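As a plain string of letters, each chain reads:
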Amino acid sequence: PKGAVISRGALAADIDALARAWQWTSADTLVHGLPLFHVHGLVLGLLGSLRVGNRFVHTGKPTPQAYASGAAAGGTLFFGVPTVWSRVVADAESARALSSARLLVSGSAALPVPVFTRLAELTGHAPVERYGCTETLITVSTRADGERRPGSVGLPLEGMQTRLIGEDGSLVVHDGETIGRLQVRTPTL
């Protein structure tokens, strides 16, 4: 396990920025079955729900049937990783049960385009993708009210700054094709 010292202020700022980006409120019911030992499960899921004040349903295991049960229990916001969403789309009946959701969120790795497309077809919701890591928390995300495009994790969250640099340290052209290294600056709290 890695240890990254993150201040309470940084946790609060990140959760608040996500709440604004995802229109996450106390009226939501968050459903997920992700482990509670990493950023997506613990910080976003459990601590996020405590901060926002919404109902929290942990499915125990992230199975398609458990997520469908979460939908039946009034789930509006669902968190998953690509492996979970791949299993959900393989079970069309369980996937269709998520059509009552308000937002499906994918993170921790890139969501394969076929999974993104099939999830949108079965549920009527294009998933929101986000990017982050243990050391920086979540820095980039698509918005609840913004464009959701397969293969895109969106824009920097409020208070975050990002840039791409080349091997020589110069800024990389933002053309959607040039490869560079991502540099991130988060709020200092």
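Now for helix 3 (residues 64-72). Given 3.6 residues per helical turn, the α-helix brings residues three or four places apart onto the same face. All of the buried residues along helix 3 are Pro64, Ala66, Tyr67, Ala68, Gly70 and Ala71. Of the residues one or two after helix 3, Gly74 is the one with positive phi, at around 95°.

For the structure on display, the rule yields 5 salt bridges. Two residues, Asp28 and Arg102, come together in a salt bridge whose shortest N-O distance is 2.9 Å. In this pair, Asp28 sits in the loop between helix 1 (8-22) and strand 1 (29-32) while Arg102 sits in the loop between helix 5 (92-97) and strand 4 (103-106), placing the two residues 74 residues apart along the sequence. We classify Asp28 as buried; its relative accessible area is 4%. The partly exposed category is assigned to Arg102, whose relative accessible area is 29%. For Glu147, the salt bridge is made with Arg149, and the minimal N-O distance between the two is 3.8 Å.

This paragraph deals with the environment of Leu104. Examined against the element boundaries, Leu104 turns out to sit in strand 4. Residue classification places Leu104 among the buried residues on the basis of a relative accessible area of 0%. Linking Leu104 and Arg149, residues 45 residues apart in sequence, is a C-alpha distance of 13 Å. Once you skip the residues sitting within four places of it in the chain, Leu104 turns out to touch Phe78, Trp85, Leu98, Leu119, Thr123, His125, Pro127 and Val128.

Take Leu137: it is sitting in strand 6 (residues 137-141). Spatially, the C-alpha atom of Leu137 lies 10 Å from that of His38, the residues being 99 residues apart in sequence.

This part is about a nonpolar patch on the surface. A contiguous nonpolar patch, built from Tyr131, Val153, Leu182 and Val184 and spanning about 280 Å² of accessible area, is present on the exposed surface. Tracing the sequence through the fold places Val184 in strand 9 (residues 181-185). The class for Val184 is partly exposed, based on a relative accessible area of 31%.

Our focus in this paragraph is the packing of helix 1 against helix 2 (residues 39-52). The N-to-C vectors of helix 1 and helix 2 enclose an angle of 85°; their axes lie 10 Å apart at closest approach. In terms of axis orientation, helix 1 runs roughly perpendicular to helix 2. Along the contact surface, helix 1 presents Leu11, Ala12, Asp14, Ile15, Asp16, Leu18, Ala19 and Trp22, while helix 2 presents Val43, Leu44, Leu47, Gly48, Arg51 and Val52. Grouping the amino acids of the contact of helix 1 with helix 2 by side-chain chemistry returns 10 nonpolar, 1 polar and 3 charged.

Conventions adopted
- Residues numbered from 1 in each chain as written.
- Predicted model: local features only at pLDDT ≥ 70, side-chain atom pairs only at ≥ 80, totals over all residues.
- Heavy atoms only, no water.
- Buried < 20%, exposed > 50% of the residue type's maximum accessible area, 1.4 Å probe, protein only.
- Helix = DSSP H or I, 4+ residues; strand = E, 2+ residues; numbered from the N terminus.
- Salt bridge = Lys/Arg side-chain N within 4 Å of Asp/Glu carboxyl O.
- Contact = heavy atoms within 4.5 Å.
- Patch = residues over 30% accessible without salt bridge, like charges linked within 9 Å, V, L, I, M, F, W, Y side chains within 5 Å.
- Areas by Shrake-Rupley, 256 points an atom, 1.4 Å probe, with all protein chains shown as cover.
- Axes fitted to C-alpha atoms, helices over the stretch in contact; angles between N-to-C directions.
- Parallel < 35°, antiparallel > 145°, perpendicular 65-115°, else oblique.
- Nonpolar A, V, L, I, M, F, W, Y, C, P; charged D, E, K, R; others polar.

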